[in-house]
Each structure stands twice: as structure tokens, then as C-alpha cells.
Amino acid sequence: MKTLIVYFSFTGNNKALADTIAMDLGADVLQITEPKKRGMFKIMLDMFFNRFPRINELSIPWGQYDHILLMAPIWNYLIAHPMKTFIRKNKTYLKNYSFITLCGGRETQNEKIAKQLKKLATYEPQAIIEFEILKLPTYEEQKSSMYKVTQDDLKAFKQQEAYQKLLETYAIKEEILQ
Ligand SMILES: Cc1cc2nc3c(=O)[nH]c(=O)nc-3n(C[C@H](O)[C@H](O)[C@H](O)COP(=O)(O)O)c2cc1C
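Residues numbered from 1 in each chain as written. Predicted model: local features only at pLDDT ≥ 70, side-chain atom pairs only at ≥ 80, totals over all residues.

1. A look at the overall build of the chain
- Broken down by element type, the chain carries 6 helices and 7 strands.
- Counted from the first residue to the last, the chain has its helices and strands arranged as β-α-β-α-β-β-β-α-β-α-β-α-α.
- Taken over the C-alpha trace, the chain has a radius of gyration of 16 Å; the compact-globule value for 178 residues is 16 Å, and the two agree within 12%.
- Each of the three principal axes of the chain carries a C-alpha extent, and together these read 60 × 40 × 30 Å. (Helix = DSSP H or I, 4+ residues; strand = E, 2+ residues; numbered from the N terminus. Rg over C-alpha atoms; globule rule 2.2 N^0.38 Å.)

Dropping the structure here:
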């Protein structure tokens with residue numbers, strides 16, 4: 001099963017996660033980028049008006065992949081807007097896909113993410129997994145809205161049962177040739 005990871009990241013957490021998950025799955029990785037530099041003000045406007053910002057075109061050989069893994073932060077309960085644009089643009093290709101976010105963590109968020117994906121995409125995701133910064137044991141020490149995850153944090157997140165299940169399904173299994 002070949003996976004393509006498509007991610008968006010503003011402060012680097014989802015990028016770090018995408019890179020390590022790519023190694024776990026043996027997946028290819030593409031980053032969503034924007035023609036204009038993003039700052040906090042633009043995030044506020046996107047959140048307020050629930051906008052679909054312009055993103056740079058990605059040329060994807062969809063036929064080469066069995067599974068697409070989308071990764072992005074959550075902003076005020078919303079899937080980060082550049083990812084929303086990507087999903088809306090490519091919804092016909094997103095048949096077998098999952099969504100993972102490395103986010104702050106808020107209650108009832110999983111259902112809200114599911115609702116957004118239902119609206120944006122044609123098909124339902126195989127899995128929605130939240131890796132929540134608030135649940136990290138180190139978070140209390142470094143409380144900050146711009147918390148940067150460490151490699152240890154990423155390791156801890158990946159122990160989650162839902163992630164292990166995803167690995168079992170989609171990791172490329174190397175055949176041992178005698
Ligand atoms: C403006 C703003 C709003 C946010 N709102 C939420 C939220 O509603 N729920 C959540 O779980 N995390 C929220 N976060 C936290 C981010 O999702 C988290 O820091 C994430 O790891 C950032 O990912 P990145 O480094 O890949 O950009 C918010 C962060 C920012 C900057």
C-alpha cells in the first residue's frame with residue numbers, strides 16, 4: 001500500500017510529524033505552500049471569514065497512491081484553511097484518505113473535524129487522529145500557544161492505538177527474501 005502524505009504547517013509541528021510518519025509508512029510527502037507569506041493576521045482573517053486561501057498548485061500522480069494522508073493544524077476548531085482549499089480542490093481524488101492533526105487539543109474537536117471533512121470532501125476518511133499538545137506531560141513546563149514539539153513528543157504521540165492501527169494497515173511491509 002503506497003501512501004502520499006500531503007501536509008500544511010505554519011509553525012513546523014505538522015511538518016515534523018509528517019516527516020517522521022513518512023518514514024514509518026514508507027510514504028512520499030508533499031507540502032502545501034501559498035503564493036503569499038502567511039502571518040497571524042491572515043490566520044485571524046481566514047478564521048473570521050472561514051476563507052479558502054489560494055495555494056500553490058501541486059502536481060500529484062494520484063494513480064500511484066492507494067492512500068492519501070492529510071495533515072494540518074487546527075485553528076479555532078477549523079482545519080487550517082490552506083488544507084481546506086486543497087481538500088475542496090481535490091475531493092474527487094480523495095477516496096481512500098485519512099486525516100491527522102498535531103493540534104493543541106480541544107474537547108469535541110474530533111466530531112467538528114469529521115463534520116468539516118464531510119462537507120469538504122466527497123468521501124469519508126478512513127481515520128481522523130488528533131495528537132494533542134495539551135496531553136503531553138511536558139506541556140505544563142513550556143505552556144505556550146506556539147509550543148514546538150520535540151522528537152520525544154512525537155514518539156509519545158505515535159503510541160496511540162489509532163495510529164498503530166493506521167500503521168498496520170498502510171505501512172509498506174518489506175518482504176524478507178532468503
Ligand atoms: C490562531 C490559532 C488558533 C488555534 N486554535 C486551535 C484549536 O481550535 N484547536 C486546537 O486543537 N489547536 C489550536 N491551535 C494550536 C495549533 O493547532 C497547534 O499549535 C499546531 O501544532 C500548530 O501546527 P503547525 O506548527 O504545524 O502550524 C491554534 C493555534 C493558533 C496559532
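So much for the structure itself; the text now carries on.
2. Describing the site of the ligand
- For the ligand, the set of nearby residues contains 20 residues, the closest of which are Asn13, Asn14, Pro73, Cys103 and Gly104.
- At the level of secondary structure, the elements contributing two or more residues to the shell around the ligand comprise α1 (13-25), β4 (74-75) and β6 (97-103).
- Broken down by class, the residue content of the shell around the ligand amounts to 9 nonpolar, 10 polar and 1 charged. (Near = placed C-beta within 6 Å. Nonpolar A, V, L, I, M, F, W, Y, C, P; charged D, E, K, R; others polar.)

3. Some points on the nonpolar core
- Ile5, Ile68, Leu70, Met71, Ala72 and Met83 are the most contacted members of the largest nonpolar core, which has 38 residues in total.
- Contributions of two or more residues to this core are made by β1 (3-7), α1, β3 (67-71), α3 (81-89), β6, α4 (109-120), β7 (128-132) and α6 (161-170).
- Broken down by element, the residue count for this core peaks at 5 residues, all from β6.
- Apart from residues lying up to four places away in sequence, Met71 is in contact with Ile5, Tyr7, Asn14, Leu17, Ala18, Ile100 and Thr101. (Core = buried A, V, L, I, M, F, W, Y, C linked by C-beta atoms within 7 Å. Buried ≥ 20, exposed ≤ 12 C-beta atoms within 10 Å, placed from the backbone. Contact = placed C-beta atoms within 7 Å.)

4. Points about the environment of Leu117
- Mapped onto the elements of the fold, Leu117 is located in helix α4.
- Ignoring sequence-local partners within four residues, the contact set of Leu117 consists of Phe99 and Pro125.

5. Focus: the pairing of strand β2 (residues 28-31)
- Bridge count between β1 and β2: 4 bridges; the pairing is parallel. In the sheet register, Leu4 faces β2, and the bridge partner there is Asp28.
- Note on the crossover from β1 through α1 to β2: the handedness is right-handed. (Pairing = 2+ DSSP bridges. Right-handed = clockwise from strand over helix to strand, strands pointing away.)

6. Examining the sheet that holds β1
- The strand order across the open sheet formed by 5 strands is β2-β1-β3-β6-β7, and the pairing between neighbours is parallel. Looking along the sheet, the strands with just one partner apiece sit at the ends: β2 and β7. Across this sheet, the average inter-strand angle for adjacent strands is 20 degrees, counted without regard to direction.
- Relative to β6, β3 runs parallel, the two sharing 4 bridges. (Axes fitted to C-alpha atoms, helices over the stretch in contact; angles between N-to-C directions.)

7. Here's the deal with the pairing of β1
- Within β1, 5 of the 5 residues are buried, leaving the element largely enclosed by the surrounding structure.
- Burial along β1 is two-sided: the face carrying Thr3, Ile5 and Tyr7 and the face carrying Leu4 and Val6 are both buried.
- Note: β1 against β3, 5 bridges, orientation parallel. The residue bridging Tyr7 from the neighbouring strand is Met71, located in β3.

8. Section: unusual backbone geometry
- Not every positive phi belongs to a glycine, and Asn50 is a case in point at roughly 45 degrees.
- The backbone phi angle of Asn76 is positive, close to 45 degrees, even though this residue is not glycine.
- Relative to the helices and strands, Asn76 is located in the loop between β4 and β5 (78-79).

9. Thoughts on the environment of Tyr97
- Looking at the secondary structure, you find Tyr97 in strand β6.
- The spacing of Tyr97 and Gln126 is 29 residues in sequence and 5.9 Å in space, taken between C-alpha atoms.
- Every residue in contact with Tyr97, bar those within four places of it in the chain, is listed here: His67, Ile68, Leu70, Pro125 and Gln126.

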